[in-house]
Amino acid sequence: EAGVTQSPRYAVLQEGQAVSFWCDPISGHDTLYWYQQPRDQGPQLLVYFRDEAVIDNSQLPSDRFSAVRPKGTNSTLKIQSAKQGDTATYLCASSFRGNNQAPLFGEGTRLSVL
Amino acid sequence: QEKVQQSPESLIVPEGAMSSLNCTFSNSASQSIWWYQQHPGKGPEALISIFSNGNKKEGRLTVYLNRASLHVSLHIRDSQPSDSAVYLCAVSKGSNYNVLYFGSGTKLTVEP
């Protein structure tokens, strides 16, 4: 079974540029999460979806960040006008609904903003 | 939001030794506690979870949970160089959304 797929694996931007990250979750997983992991820190939740609906996006750092999952399968996280403080690895995870279902993670997109 | 703290930040053990990692969390109502392993350049991978007070054993891994003291520990018996990685403790809020809140991790190095 294919795992969670993310692209691109790496992105290098100048401040002010925009970037999009793409995630293909495990087939059949109805819940999708985006996490931000700064260097030497644990993942921090940004937003999560059940099917196509945003359940909670209150942890998105600013209105420069947006996320969609229009058909309840793939998802895109976008940063408008990136800042140096956005430098981190962006991880996508997915899971089935139901208690105690371990979210399974992709390998992430490593973003550097110069 | 849940607060999760892990100690130590880094741990070096010789091959064959027991590795012991600690985690405290802020909310006794937290549901499951998960341990994830993360190798450099990879995403976190779930290792083991625990819900009830007490211990749970899977292979070389044993987890102990004490909800009263808001403490959970992971012990790796007969540590191997391949166990070298960052270990992340995560707590679940206890809904069927399975949202996890992570600590900063413990970097384990097992020396041959």
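Relevant structure appears above.
Remember, predicted model here, so these are calculated numbers, not experimental data.

Student: Before we go on, may I ask you to explain the pattern of salt bridges in this structure?
Tutor: A side chain with one charge can pair with a side chain of the opposite charge if their charged atoms come near. Inspection of every chain in the model, using the stated rule, returns eight salt bridges over all chains. Two residues, R60 of chain B and D83 of chain B, come together in a salt bridge whose shortest N-O distance is 2.9 Å. Of this pair, R60 of chain B sits in the loop between β6 (54-58) and β7 (61-66) while D83 of chain B sits in the loop between β8 (71-76) and β9 (85-92), and the two are 23 residues apart along the sequence. Among the charged side chains, a network of salt bridges with common partners joins D30, R50, D51 and R97 of chain A.

Student: What is the right way to look at the packing of aromatic side chains in this model?
Tutor: Both the distance between ring centres and the angle between the ring planes are used here to describe each pair of aromatic rings. Following the criterion strictly, the structure yields ten aromatic pairs over all chains and no others. Seen from the ring of Y10 of chain A, R9 of chain A lies directly overhead, with NZ or CZ sitting 5.6 Å from the centre. The positively charged end of R67 of chain B is found above the aromatic ring belonging to F51 of chain B, 5.3 Å away from the centroid.

Student: Looking at this structure, I do not really get the state of the cysteines. What am I missing?
Tutor: A disulfide bridge is the covalent bond that connects two cysteines by way of their sulfur atoms. Residue and element names in this part refer to chain A. Overall, the coordinates contain two disulfides over all chains when judged by the stated rule. Each sulfur of the disulfide joining C23 and C92 lies 1.9 Å from the other. Measuring the twist about the S-S bond at about -70°, one finds the C23-C92 disulfide to be left-handed. Taken as a pair, C23 in strand β3 (residues 19-24) and C92 in strand β9 (residues 88-95) lie far apart in primary sequence, 69 residues in all. C92 gets classed as buried once you look at its relative accessible area, which sits at 0%.

Student: Teacher, can you tell me more about the sheet that holds β3 of chain A here?
Tutor: Within a sheet, adjacent strands bond to each other through the backbone by hydrogen bonds, running parallel or antiparallel. Residues and elements named next belong to chain A. Strand order in this open sheet of four strands is β1-β3-β8-β7, and the pairing throughout is antiparallel. Either end of the sheet is taken by a strand with one partner, and the two such strands are β1 (5-7) and β7 (65-68). This sheet shows a mean twist of 15° between the axes of neighbouring strands, independent of strand direction. Examined bridge by bridge, β3 and strand β8 (residues 75-79) share five bridges and lie antiparallel to one another. Counterpart to W22 in the pairing with β8 is T76.

Student: Honestly, the interface of chain A and chain B in this entry has me stumped. Any pointers?
Tutor: Interface size is often expressed as the accessible area that is lost when the parts come together. Facing the 28 residues of chain A at the interface are 23 residues of chain B. Taken together, the connections running from chain A to chain B amount to one salt bridge. Among the salt bridges present, the one from K42 of chain B reaches E107 of chain A, with a minimum N-O distance of 3.0 Å. Along the contact surface separating chain A from chain B lie eight residue pairs in polar contact (both at pLDDT 80 or more). Among the elements that line the side of chain A that touches chain B, the one with the most residues is strand β4 (residues 31-37) of chain A, at four residues. In terms of residue class, the side of chain A that touches chain B is built from eleven nonpolar, eleven polar and six charged.

Student: Quick question: what am I supposed to make of the nonpolar core here?
Tutor: Looking at soluble globular proteins, one finds that nonpolar side chains tend to be buried together. Core analysis: the largest hydrophobic core is formed by 37 residues, its most contacted members being Y35 of chain A together with I33, W35, V72, L74, Y87 and F102 of chain B. Ranked by residue count, the leading element in this core is β9 of chain B, at six residues. Ranked by size, the runner-up nonpolar core spans 23 residues in total, among them L13, L60, A88 and C92 of chain A.

Student: Just to check I follow, could you spell out the sheet that holds β8 of chain B for this structure?
Tutor: Residue and element names in this part refer to chain B. Strand order in the open sheet formed by five strands is β1-β3-β8-β7-β6, and the pairing between neighbours is antiparallel. Of all strands in the sheet, those with a lone pairing partner are β1 (4-7) and β6, marking the two edges. Sheet twist, expressed as the average angle between the axes of neighbouring strands with direction ignored, equals 15°. In the sheet, strand β3 (residues 19-25) pairs with β8 via six bridges, with the strands oriented antiparallel. Across the sheet, residue C23 finds its bridge partner in β8, namely V72.

Student: Please clarify how the side chain of R64 of chain A should be interpreted in this entry.
Tutor: Residues and elements named next belong to chain A. Turning to its location among the elements, R64 is positioned in the loop between β6 (53-56) and β7. According to the relative accessible area criterion, R64 is buried, its value standing at 16%. At 3.1 Å, the side chain of R64 forms a polar contact with the backbone oxygen of S81. Other than its neighbours up to four places away in sequence, R64 contacts K78, I79, Q80, S81, A82, K83 and D86.

What counts as what
Residues numbered from 1 in each chain as written. Chains lettered and ligands numbered in written order. Predicted model: local features only at pLDDT ≥ 70, side-chain atom pairs only at ≥ 80, totals over all residues. Heavy atoms only, no water. Salt bridge = Lys/Arg side-chain N within 4 Å of Asp/Glu carboxyl O. Helix = DSSP H or I, 4+ residues; strand = E, 2+ residues; numbered from the N terminus. Phe/Tyr/Trp six-rings, centres within 6.5 Å; stacked < 30°, edge-to-face > 60°. Lys NZ or Arg CZ within 6 Å of the ring centre and 35° of its normal. Disulfide = S-S within 2.5 Å. Buried < 20%, exposed > 50% of the residue type's maximum accessible area, 1.4 Å probe, protein only. Pairing = 2+ DSSP bridges. Axes fitted to C-alpha atoms, helices over the stretch in contact; angles between N-to-C directions. Contact = heavy atoms within 4.5 Å. Polar contact = N/O pair within 3.5 Å; in protein donor to acceptor, adjacent residues only side chain to side chain. Nonpolar A, V, L, I, M, F, W, Y, C, P; charged D, E, K, R; others polar. Core = buried A, V, L, I, M, F, W, Y, C linked by side-chain atoms within 4.5 Å.

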